[in-house]
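In case you want the letters, here they are:
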Amino acid sequence: QMFAARPELRWKGAVPQAPIWAIFHGAHVLRMRRRSARCGVRDNEVNAMTDETMGTVLQNCPVCGAPVYDDEDEAAIRCTSASCPAQLLRNLMHFASRDAMDLTLREGNLQKLIDAGLVKSAADLYDLTVEQLLPLGKKVDTWANNLVRSIEASKTRDLSRLLFAFGIRHVGQKAGRILSDHFA
C-alpha cells in the first residue's frame with residue numbers, strides 16, 4: 001500500500017527510482033511495521049510487502065551491489081563497500097558541510113568534481129586549483145575562486161571540526177571537541 005501511493009518508491013529491475021536514503025528509510029519503516037506485526041498487530045498486506053521488500057531488495061546496495069550492513073538497533077542500513085559511489089558522495093558532502101569544514105560545495109557541484117575524476121577522497125579537495133575547475137562548465141570562474149578560497153580557509157579550522165568532518169561513527173561535534181581538547 002505504501003508503494004502504491006508513492007510511485008517514486010517503486011523499483012524498475014535493479015535500478016532505484018527514488019533517492020538511496022528514501023529506499024533505505026522505507027526499509028526501516030517496513031522493519032518497524034514487521035516488529036509491530038510480531039507484537040500482535042495483524043496486517044497481511046504490510047507483512048507480505050515487508051517480506052518481499054526486505055528479503056530481496058536490501059541485501060545488496062542498490063548503487064554498487066555490495067552487501068549491506070543492517071543493525072537491528074539502528075535506523076541506518078549501510079553499504080559495506082568502501083568504494084561505493086553513493087558513500088563517497090555522502091561522505092564528501094558531510095566533510096564539506098557547514099558544521100564540519102565549511103566548504104562552499106553543494107551536492108551537484110561535488111558530483112561534477114567526482115564525475116570529472118578530480119576528487120576521489122576528501123584529501124583531493126585540498127589539491128584543487130582554479131585552473132582545474134574552469135573546464136567544468138560555463139560561469140564557473142566565480143565558483144572556482146570561492147571554492148579555492150573556502151578550501152584555504154578550512155585549513156585553519158579547529159581539530160574538533162576536522163574530527164567531526166571525517167565522519168567517524170559515533171563521533172559528532174561534541175565528541176570531536178572532547179577528543180581535540182584531550183589530545184591537543
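Residues numbered from 1 in each chain as written. Predicted model: local features only at pLDDT ≥ 70, side-chain atom pairs only at ≥ 80, totals over all residues. Heavy atoms only, no water.

### Quick look at the overall build of the chain
This is how it is decided: Comment: elements are numbered from the N terminus, with helices defined as DSSP H or I runs of at least four residues and strands as E runs of at least two. For every residue, the accessible area (1.4 Å probe, protein chains only) is compared with the maximum for its type, and the residue is labelled buried under 20%, exposed over 50%, or partly exposed between those bounds. Contacts: residue pairs with any heavy atoms within 4.5 Å of one another.
Along the backbone of the chain there are 10 helices and 4 strands. Scanning the chain from its N terminus toward the C terminus, one meets helices and strands in the order α-β-β-α-α-β-β-α-α-α-α-α-α-α. Expressed as a percentage of its 184 residues, the buried residues of the chain come to 34%. Nonlocal contacts in the chain, meaning residues at least 24 apart in sequence, comprise 42% of its contacts between residues at least 6 apart.

### Some remarks on the environment of isoleucine 178
If you trace the backbone, isoleucine 178 turns up in helix H10 (residues 173-183). Look at isoleucine 178 and you get exposed, because its relative accessible area is 52%. Sequence separation between isoleucine 178 and serine 160 is 18 residues, and the spatial gap between their C-alpha atoms is 7.8 Å.

### Comments concerning the side chain of serine 150
With respect to the secondary-structure elements, serine 150 resides in helix H8 (residues 141-154). Among all residues touching serine 150, those that are not within four sequence positions of it are Asp102, Leu103 and Thr104.

### Brief notes about helix H5 (residues 107-115)
An α-helix turns once every 3.6 residues. As a result, residues three or four positions apart point the same way. The test is simple: To be clear, the arc concerns the directions from the helix axis to the C-beta atoms.
Within H5, burial applies to Leu110, Leu113 and Ile114. Take H5 and look down its axis: the buried residues cluster within an arc of 100°, on one side only. Those residues of H5 hidden inside the fold are in contact with helix H4 (85-96), helix H6 (122-125), helix H7 (130-133) and H8. Where H5 terminates, the next one or two residues include glycine 117, which has phi positive at roughly 80°.

### As for the nonpolar core
Using the following cut-off: Here the nonpolar core consists of buried residues drawn from Ala, Val, Leu, Ile, Met, Phe, Trp, Tyr and Cys, with membership extended through side-chain atoms lying within 4.5 Å.
Ranked by internal contacts, the top residues of the largest apolar core, which has 24 residues, are Leu105, Leu113, Leu125, Leu128, Leu133, Trp143 and Leu147. The set of elements that each furnish at least two residues to this core consists of H4, H5, H7, H8 and helix H9 (159-165). The biggest single contributor to this core is H8, with 5 residues. Setting aside chain neighbours within four positions, we find leucine 133 in contact with Leu113, Leu118, Leu128, Val140, Trp143, Ala144, Leu147 and Val148. One finds Leu58, Cys61, Ala66 and Val68 within the second-largest nonpolar core, a separate group that totals 7 residues.

### A look at the side chain of serine 160
One can find serine 160 in helix H9. The class of serine 160 is buried, set by a relative accessible area of 10%. Apart from residues lying up to four places away in sequence, serine 160 is in contact with Gly176, Arg177 and Ser180.

### Considering unusual backbone geometry
Positive phi, close to 55°, is recorded for aspartate 102, a residue that is not glycine. Positionally, aspartate 102 belongs in the loop between H4 and H5.

### As for the confidence of the model for the chain
Parts of the model with low pLDDT should not have their predicted coordinates read in detail. Heads up, the condition is: As a per-residue measure, pLDDT reflects the predictor's confidence and takes values from 0 up to 100.
For the chain, the average pLDDT comes to 77, and 69% of its residues sit at 70 or higher. The low-confidence segment residues 36-47, where pLDDT is below 50, has 5 contacts with residues more than four positions distant or belonging to other chains. A low-confidence stretch, residues 53-57 stays under pLDDT 50, and its non-local contacts, those more than four residues away or across chains, total 10 contacts.

### Topic: H8
So the rule is basically this: The span you would expect from a helix comes to 1.5 Å times its residue count less one.
The end-to-end C-alpha separation of H8 is 20 Å, in line with the 20 Å expected for 14 residues at 1.5 Å each. Among all positions of H8, only Trp143, Ala144, Leu147, Val148, Ser150, Ile151 and Ser154 are buried. Down the axis of H8, the sector holding all buried residues measures 165°, keeping them to one side. Looking at H8, the residues exposed on the side facing more than 90 degrees away from the buried face are Thr142 and Arg149. The elements touched by buried residues of H8 are H5, H6 and H7.

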